[in-house]
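Below are the chains, spelled out letter by letter.
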Amino acid sequence: MSNGGGAGGNRDRGSSNGEGGGSGGVNGGNGLDIDGLIDDPATRIIVCCGSGGVGKTTTAAAIGLRAAERGRRTVVLTIDPARRLAQSMGLTELDNTPRPVKGAAGPDGPGELHAMMLDMKRTFDEVVLAHADPERARAILENPFYQSLSAGFAGTQEYMAMEKLGQLQATGEWDLIVVDTPPSRSALDFLDAPGRLGSFLDGKIIRVLMTPAKVGGRSAMKFLNVGMGLLTGTLGKIFGAQLLTDLQTFVAAMDSMFGGFRERAEGTYQLLKAQGTAFLVVAAPERDALREAAYFVDRLAADQMPLAGLVLNRVHGTGAPQLTAERAQAAAQALEESSAENGGDHGAGNGAGNGEQHGTAEGAGSGAEREARQGAAEALAAGLLRLHAERVEVMGREQRTRDRFVSVYPDVPLVEVPALAGDVHDLDGLRLIGRQLAGGSDR
Amino acid sequence: MPRTQQPGAAAAPTGAAEPGAASGGSDWEGVRLHVVSGKGGTGKTTLAAALALALAAEGRRTLLIEVEGRQGIAELFGSTALPYEERKIATVSPTKLGLPGRGTGEVFALAIDPEQALLEYLDMFYKLGRAGKALQKVGFVDFATTIAPGVRDVLLTGKACEAARRKAPDGRLVYDAVVMDAPPTGRLIRFLNVNSEVAGLARFGPIHSQAQAVMRVLKSPQTAVHLVTLLEEMPVQETVDGFTELREAGLPVGGVLVNMVRPPVLDAAAVAAAHGDHREEVALALVEAGLGGRSRSAATRRAAVEPLLDPLLAQAREHSERVTLEHEQRADLGTLLLPTYELPLLSGGVDLGGLYRLAGELKRQGAA
């Protein structure tokens, strides 16, 4: 729904002013102060997470733009943006380096917006190059096992997104980093990445795999109470001898880097928990999306990650909340009956006919024509009322879904963003969303 | 909008059909593995479940597989979390779907747990015994299912192919069709193609042959990959991209399932008319409908509807914008020349009744 009528023009409820004209229900859900968050110089990282299809990337981009235009040197790290959203920020290719976004923030202001798309493979390569001597690095980069691992099997994206975040932060160049999270299976896999990597590296499997590569393999043998021959034999049987060799070469080559790897992963994890980081959970007012959001909120709390609040995207509103769905339906029905009597036998679903009818009736004055004209107007009004009833019903459902969430999580600050008819294509679209995120403030 | 079907354009199975139980003329006779994907948030799981119900309608048996560990199937059917075990989750008759015909079909469901699947797989192929336990002990299972590239996906696709081909002792297929609720389009090709990759990594040996066997099923006319979309820009774009990638990967494209379709109430022409010099007529119609209150004064009644006019017209404008946009999206989908099925938006979300309604709709339109 285009919000052409000005910012927040067709919003009658928003978290900032509580329950405007909705169907009542649970109160609570204190307002999420986005401007307060992005203006605070202590805020250095904002992580947007949420399930797929809720507008997570758009939210991240809008927040980044708003922060830049409010004077902060900002970078937005997106994972897999929709093409047109990427274009709206001038991103045309994956080059793994922040690029300035043209037209964002004034030339005089201190703020700047840069944006980048994550290139998983390149990020992984960079890590390898940073941690291994050239010869070893080449051995790793050429290993087929490494090549398929780095090209994006489930999990790699999560590791690399966090790795990139760590890198961006380490440069010290940015006032604020806004990061979008991968649309992964459980969408919070990135939190598990460091732990998983750690347990993997501590695991015996690594030592088992490395044993044949290290001549003698005496060190590992002692710690294991299983027959090494049996194990490597089995692995060979499963993988095939050649794959096992590739895998062993890979693990052996990576060996020197593992310490560094784990340190980095651990460092990023701590960074996420640190003061200055804020998580935003993004959702839509639908059952499934809010169920996922609830899961996120719990998970973040369990990991003691700082949750700033919930962004509820695509919320419907109306400028005429005083007209209930029931009244609109009843009035529409009355008009449709009357319209049929007046010869405007076009149902409300057939507006095109009505439109043409209007065109040809222009200036006509005879009784029959006037009646037809009136019938058409009635049909049209009935259509408007049906639409309104539909809208109010949608709002009621959204409100109930939202209230259920709020009643369980009354302390989670929340902001609602109105639904748009189409996707965002340009910076103006992002600006509009940024204003709505800030509760309609133009300041 | 009627579905469009271009003979030969889609990878619609021809000739491969087995003379199954009384078929209602499904577009996918002969397909045994239905892979359902689409952009996140389009209702993949719901439509995969509806398709499994529809395919079971005439006394058949289907298996609905979940691979993302979200327990979305259990959620849909209102059951407790599914174990790693094929269990019956619904019985279907044509009557339940609002269709003629008879026979009671069954839908089984399975949430694949990669760890269990790995152990089962290893046991099936290698008779590991003690070595299997040892592998578990050193963390191999953990390693393989979470870290090792692709193993997880190999297991998931492998399990689905195995179920689709499984035969009972009497030689008959255990399932007439298997429906897989697959990962979203963005990860789909990689997911389905993982076996090619693995076959490349392991150039010999049992993993190599297993991977190749799975690829053979996935690329055969026994498989169809359906894409779920909404009439919105991003999902349609993903569908178009997904289609191209599937074709390039040599994977059989199935149909397009357009979810949550809303009937147009008013079109652009009507809205334009309302904004022109017909604003006043609309206002009078609202008064006539009683929305101006009961005052005796016509002017008062007219004034009372004034605050409604702009919001109603704004909503109509938004609506017509959406209708126009949906029209464009339909046109884009039309260029794919695939069998297309439209499923209505069920207000208030999908409950069990809604699921059967969607299944009936799929069956009626020929998707099952």
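Residues numbered from 1 in each chain as written. Chains lettered and ligands numbered in written order. Predicted model: local features only at pLDDT ≥ 70, side-chain atom pairs only at ≥ 80, totals over all residues. Heavy atoms only, no water.

Within chain B one finds 13 helices and eight strands. Taken over 368 residues, chain B has a buried fraction of 58%. The long-range fraction of contacts in chain B, counting pairs at least 24 apart against all pairs at least 6 apart in sequence, stands at 72%. Total accessible area on chain B stands at roughly 14,700 Å², and carbon and sulfur atoms take up 53% of it. (Helix = DSSP H or I, 4+ residues; strand = E, 2+ residues; numbered from the N terminus. Buried < 20%, exposed > 50% of the residue type's maximum accessible area, 1.4 Å probe, protein only. Contact = heavy atoms within 4.5 Å. Areas by Shrake-Rupley, 256 points an atom, 1.4 Å probe, with all protein chains shown as cover.)

On to the overall build of chain A, then. Each helix and strand in chain A was counted, giving 17 helices and eight strands. Counting every position in chain A, which comprises 443 residues, the buried fraction comes to 57%. Long-range contacts, defined as pairs at least 24 residues apart, comprise 79% of the intrachain contacts of chain A with a sequence gap of at least 6. Of the roughly 17,600 Å² of accessible surface on chain A, 50% is carried by carbon and sulfur atoms.

Let us look at the domain arrangement of chain A. As a measure of interface size, the accessible area lost when the parts come together is often cited. Residue and element names in this part refer to chain A. According to the domain assignment, chain A contains domain 1 (32-317 + 419-437) and domain 2 (325-400). Each partner contributes to the interface: domain 1 provides five residues, whereas domain 2 provides four residues. Surface buried jointly by domain 1 and domain 2 totals about 410 Å² across both partners, of which 53% is contributed by carbon and sulfur atoms. When the buried surface of domain 1 facing domain 2 is broken down by residue, Pro-285, His-316 and Gly-317 rank first, second and third, together holding 94% of it. For the pair domain 1 and domain 2, the number of links is zero salt bridges. Where domain 1 meets domain 2, there are two residue pairs in polar contact (both at pLDDT 80 or more). (Domains from an automatic or database assignment. Buried area = accessible area lost by both parts, 1.4 Å probe. Salt bridge = Lys/Arg side-chain N within 4 Å of Asp/Glu carboxyl O. Polar contact = N/O pair within 3.5 Å; in protein donor to acceptor, adjacent residues only side chain to side chain.)

All right, on to the sheet that holds strand E1 (residues 45-49) of chain A then. Residue and element names in this part refer to chain A. The strand order across the open sheet formed by eight strands is E3-E4-E2-E5-E1-E6-E7-E8, and the pairing between neighbours is mixed. The two strands at the open ends of the sheet, each matched to only one other strand, are strand E3 (99-100) and strand E8 (414-418). Relative to strand E4 (residues 112-117), strand E2 (residues 73-78) runs parallel, the two being bridged by six bridges. In the sheet register, Val-75 faces E4, and the bridge partner there is His-114. The strands that helix H7 (residues 156-171) touches are E1, E2, E4 and strand E5 (176-180); relative to E2, the one it contacts most, it runs at about 165 degrees. (Pairing = 2+ DSSP bridges. Axes fitted to C-alpha atoms, helices over the stretch in contact; angles between N-to-C directions.)

Taken as a whole, this structure holds 35 salt bridges over all chains when the rule is applied. Of the charged contacts, one joins A:Arg73 and A:Glu112 as a salt bridge, the two residues approaching to 2.6 Å between their closest N and O atoms. With A:Arg73 in strand E2 and A:Glu112 in strand E4, this pair connects stretches of sequence that are 39 residues apart. A:Arg431 is the salt-bridge partner of A:Asp428, the closest N and O atoms lying 2.8 Å from each other. Separated by three residues within a single helix, A:Asp428 and A:Arg431 lie in helix H17 (residues 427-437), roughly one turn from each other. A residue is classified by how much of its surface remains accessible, and A:Asp428, at 52% relative accessible area, is exposed. Exposure remark for A:Arg431: the relative accessible area of 24% places this residue in the partly exposed category. Each member of the salt-bridge network shares a partner with another, and the members are B:Arg279, B:Glu280, B:Arg302, B:Glu306 and B:Asp310.

The next subject is the sheet that holds strand E8 (residues 340-344) of chain B. Residue and element names in this part refer to chain B. Pairing within the open sheet is mixed, and its eight strands lie in the order E3-E4-E2-E5-E1-E6-E7-E8. Whereas interior strands pair on both sides, the edge strands pair on one side only; in this sheet they are strand E3 (87-92) and E8. In this sheet, neighbouring strand axes are inclined to one another by 25 degrees on average, regardless of whether the strands run parallel or antiparallel. With four bridges connecting them, strand E1 (residues 33-38) and strand E5 (residues 177-181) associate as parallel partners. If you follow Val-36 over to E5, its bridge partner there is Asp-181. Along the sheet, helix H9 (residues 233-248) contacts strand E6 (223-229) and strand E7 (253-261); its crossing angle with E6, the most-contacted strand, is approximately 160 degrees.

Further remarks concern the state of the cysteines. A covalent bond between the sulfur atoms of two cysteines is referred to as a disulfide. Residues and elements named next belong to chain A. Per the counting criterion, the structure on display carries zero disulfides over all chains. In this structure Cys-48 is not part of a disulfide, and its nearest cysteine sulfur, from Cys-49, lies 7.7 Å away. Owing to a relative accessible area of 0%, Cys-48 belongs among the buried residues under this scheme. The buried category is assigned to Cys-49, whose relative accessible area is 0%. (Disulfide = S-S within 2.5 Å.)

All names here are of chain A. For the pair helix H4 (residues 120-131) and helix H5 (residues 134-142), the least separation of the axes is 8 Å and the interaxial angle reads 150 degrees. Classified by the angle their axes make, H4 and H5 are roughly antiparallel. Crossing handedness for the pair H4 and H5: right-handed. For the pair H4 and H5, contact is made by Asp-125, Val-128 and Leu-129 and by Ala-137, Ile-140 and Leu-141, respectively. Classifying every residue of the contact of H4 with H5 by side-chain character gives five nonpolar, no polar and one charged. (Parallel < 35°, antiparallel > 145°, perpendicular 65-115°, else oblique. Left-handed = near helix turned anticlockwise from the far one by under 90°. Nonpolar A, V, L, I, M, F, W, Y, C, P; charged D, E, K, R; others polar.)

Each aromatic ring pair is described using two quantities: the centre-to-centre distance and the angle formed by the ring planes. Residues and elements named next belong to chain A. The full count for this structure, using the stated rule, is three aromatic pairs over all chains. With 6.2 Å between their ring centres and 80 degrees between their planes, Tyr-295 and Phe-296 make a pair best called edge-to-face. For Tyr-295, a relative accessible area of 38% gives the class partly exposed. (Phe/Tyr/Trp six-rings, centres within 6.5 Å; stacked < 30°, edge-to-face > 60°.)

Once that is clear, we can look at the nonpolar core. Ranked by size, the top nonpolar core spans 55 residues in total, and within it B:Leu192 and B:Leu246 carry the most contacts. The residues contacting B:Leu246, other than those within four sequence positions of it, are B:Leu188, B:Ile189, B:Leu192, B:Val225, B:Leu227, B:Leu251 and B:Val253. With 53 residues, the next largest nonpolar core counts A:Met120, A:Met160, A:Val179 and A:Leu414 among its residues. (Core = buried A, V, L, I, M, F, W, Y, C linked by side-chain atoms within 4.5 Å.)

This part is about the confidence of the model for chain A. A low pLDDT score tells you not to read the predicted coordinates there in detail. Residue and element names in this part refer to chain A. For chain A, per-residue confidence averages 77 on the pLDDT scale, and residues scoring 70 or more make up 71% of the total. For residues 1-28, every residue scores under 50 in pLDDT, and the model assigns this stretch 64 contacts once sequence neighbours within four places are set aside. Note on residues 213-226: pLDDT under 50 across the span, and 15 contacts to partners over four residues away in sequence or across chains. (pLDDT = per-residue confidence, 0-100.)

Residue and element names in this part refer to chain A. At their nearest, the axes of H4 and H7 sit 9 Å apart, and the two run at 65 degrees to each other. The chirality of how H4 crosses H7 is left-handed. On the side of H4, the interface is formed by Met-120, Thr-123, Phe-124, Glu-126 and Val-127, while H7 contributes Thr-156, Gln-157, Met-160, Glu-163, Lys-164 and Gln-167. Of the residues belonging to the contact of H4 with H7, the class tally is four nonpolar, four polar and three charged.

Attention now goes to the confidence of the model for chain B. All names here are of chain B. Of all residues in chain B, 84% attain a pLDDT of 70 or more, and the chain-wide mean is 84. Averaged over each element, pLDDT in chain B is lowest for helix H5 (residues 140-147) (64) and highest for E6 (98). Low confidence marks residues 1-23, where pLDDT is under 50. Its contacts with residues over four positions away, or in another chain, come to 43 contacts. Of the two predicted TM-score estimates for the complex, the pTM is 0.81 and the ipTM is 0.79.

Most of E8(A) sits inside the fold, with five of its five residues counted as buried. Residues A:Leu414, A:Glu416 and A:Pro418 line one face of E8(A) and the alternating positions A:Val415 and A:Val417 line the opposite face, and both faces are buried.

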